[in-house]
Amino acid sequence: MRVNLQLYDEPAQRYCPAGVYEIVQDEKGQPKFQINAQNCVHCKTCDIKDPAQNINWTVPKAAAANYSGCDGDA
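Quick look at the structure, then. (Residues numbered from 1 in each chain as written. Predicted model: local features only at pLDDT ≥ 70, side-chain atom pairs only at ≥ 80, totals over all residues. Heavy atoms only, no water.)

Moving on, we come to the environment of Ala52. The topology assignment puts Ala52 in the segment after helix H3 (45-49). Taking the relative accessible area as the measure of exposure, Ala52 reaches 36% and is therefore partly exposed. For the pair Ala52 and Asn4, spaced 48 residues apart in sequence, the C-alpha to C-alpha distance is 7.3 Å. (Helix = DSSP H or I, 4+ residues; strand = E, 2+ residues; numbered from the N terminus. Buried < 20%, exposed > 50% of the residue type's maximum accessible area, 1.4 Å probe, protein only.)

Structure representation (structure tokens):
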């Protein structure tokens, strides 16, 4: 975070379409990198766009999506 926040104003908080990454203030008023993993839509944008390549996205272990109305019968 030291490099990305200083040089690029931490782009992860802008390029993630689901708002997984954000900079918040800790109890001392210092910037803290917060990851909201529950928001992730598994698009891999973070793996592609991070200028320092700090994020290594991997497929979640339980990646079975359950979309209503998408039972495979068209």
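Right, let's get into the packing of aromatic side chains. Using the criterion set out here, one finds one aromatic pair in the structure. Note on Tyr21 and Phe33: the rings are 5.6 Å apart at their centroids and 15° apart in plane angle, and the pair reads as stacked. Linking Tyr21 in strand S1 (residues 21-25) with Phe33 in strand S2 (residues 31-35), this pair joins segments that are twelve residues apart in sequence. We classify Tyr21 as buried; its relative accessible area is 10%. Accessibility expressed as a relative area gives 30% for Phe33, which makes it partly exposed. (Phe/Tyr/Trp six-rings, centres within 6.5 Å; stacked < 30°, edge-to-face > 60°.)

For the coordinates displayed, the defined rule picks out two salt bridges. Salt-bridge contacts for Arg14 lead to Asp9; the nearest nitrogen and oxygen are separated by 3.6 Å. A residue is classified by how much of its surface remains accessible, and Arg14, at 51% relative accessible area, is exposed. Of the charged contacts, one joins Asp47 and Lys44 as a salt bridge, the two residues approaching to 3.9 Å between their closest N and O atoms. (Salt bridge = Lys/Arg side-chain N within 4 Å of Asp/Glu carboxyl O.)

With that settled, the discussion passes to the layout of surface pockets. Considering only enclosed or pocket space, the largest pocket measures out at about 150 Å³ in volume. Every residue along the wall of the largest pocket is listed here: Val20, Tyr21, Phe33, Ile35, Ala37, Cys40, His42, Ile55, Trp57, Thr58 and Pro60. When grouped by side-chain class, the residues that make up the lining of the largest pocket number nine nonpolar, two polar and no charged. (1 Å grid on protein atoms, 1.4 Å probe; cavity = no way out; pocket = protein on both sides within 12 Å on 5 of 7 lines; lining within 4 Å. Points joined across faces, edges and corners; volume = space filled by probe spheres on them. Nonpolar A, V, L, I, M, F, W, Y, C, P; charged D, E, K, R; others polar.)

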